Amino acid sequence: MQRLVAVAALGMCRALATGTISPAYACHRLFGPALLARLDQLGASPGLRHAIHMATELEDVADLIPDKLASAIADVEAELLKALADLAPAGLAGEKWLVKSP
């Protein structure tokens, strides 16, 4: 689950960096306090929690110091990549989520 969150967050950062979505949208849909609270409840890795915490501040950065938004997004991406690298490799066992069960 942590790896999936990290990958989804990286995709959201990529969309933010290209201007495809707004910081408000990203923070409303994924980078909100609910995700951070859920990661805390699940005992997620400190690196992932830190990266998501940084991401929850992107809307504030965009509003208060918009010229720093690009570097803030890059910082979040770097932290997410570190967190993803630190997570144990995911096994390939289990159901594929795109394949219907018989």
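The structure under discussion appears in the preceding block.
Trainee: What exactly am I supposed to notice about the state of the cysteines here?
Mentor: Every disulfide links exactly two cysteines, by a covalent bond between their sulfur atoms. For the coordinates displayed, the defined rule picks out zero disulfides. For the unlinked cysteine Cys 13, the closest cysteine sulfur is that of Cys 27, found at 9.7 Å. Overall, the relative accessible area of 0% leaves Cys 13 in the buried class.

Trainee: Even after reading the chapter, I still don't get the environment of Cys 13, so can you show me in this structure?
Mentor: Structurally, Cys 13 is set in helix α1 (residues 2–17). C-alpha separation for the pair Cys 13 and Pro 23, spaced ten residues apart in sequence, amounts to 9.2 Å. Residues contacting Cys 13, with those up to four places away along its chain left out, are Phe 31, Ile 73, Val 76, Glu 77 and Leu 80.

Trainee: How should α1 be read in this particular structure?
Mentor: Owing to its 3.6 residues per turn, the α-helix aligns residues three or four sequence positions apart on the same side. Over its 16 residues, α1 extends 22 Å from the first C-alpha to the last, a length consistent with the 22 Å expected when each residue adds 1.5 Å. Along its buried surface, α1 packs onto α2 (23–29), α3 (33–42), α4 (46–55), α5 (58–64) and α6 (69–86). Of the residues trailing α1, Gly 19 is marked for its positive phi of about 80°.

Trainee: So what exactly am I meant to see when it comes to the packing of α3 against α4 here?
Mentor: Axes are the key here: two packed helices are described by the angle between their axes and the distance separating the axes. Where α3 meets α4, the axes come as close as 10 Å, and the angle between the chain directions of the two elements is 170°. Taken together, the axes of α3 and α4 are roughly antiparallel relative to one another. Between α3, through Leu 35, Leu 36, Leu 39 and Asp 40, and α4, the contact on the second element is made entirely by Leu 48, Arg 49, Ile 52 and His 53. Classifying every residue of the contact of α3 with α4 gives five nonpolar, one polar and two charged.

Trainee: Would you mind going over the packing of α4 against α6 with me for this structure?
Mentor: Running from amino to carboxyl end, α4 crosses α6 at an angle of 165°, the nearest separation of the two axes being 8 Å. Looking at the two axes, α4 sits roughly antiparallel to α6. As α4 packs across α6, the resulting crossing turns out to be left-handed. Seen from α4, the contacting residues are Gly 47, Leu 48, His 50, Ala 51, Ile 52, Met 54 and Ala 55; seen from α6, they are Asp 75, Val 76, Glu 79, Leu 80 and Ala 83. Partitioning the contact of α4 with α6 into residue classes produces eight nonpolar, two polar and two charged.

Procedures and definitions
- Residues numbered from 1 in each chain as written.
- Predicted model: local features only at pLDDT ≥ 70, side-chain atom pairs only at ≥ 80, totals over all residues.
- Heavy atoms only, no water.
- Disulfide = S-S within 2.5 Å.
- Buried < 20%, exposed > 50% of the residue type's maximum accessible area, 1.4 Å probe, protein only.
- Helix = DSSP H or I, 4+ residues; strand = E, 2+ residues; numbered from the N terminus.
- Contact = heavy atoms within 4.5 Å.
- Expected span 1.5 Å × (residues − 1).
- Axes fitted to C-alpha atoms, helices over the stretch in contact; angles between N-to-C directions.
- Parallel < 35°, antiparallel > 145°, perpendicular 65-115°, else oblique.
- Nonpolar A, V, L, I, M, F, W, Y, C, P; charged D, E, K, R; others polar.
- Left-handed = near helix turned anticlockwise from the far one by under 90°.

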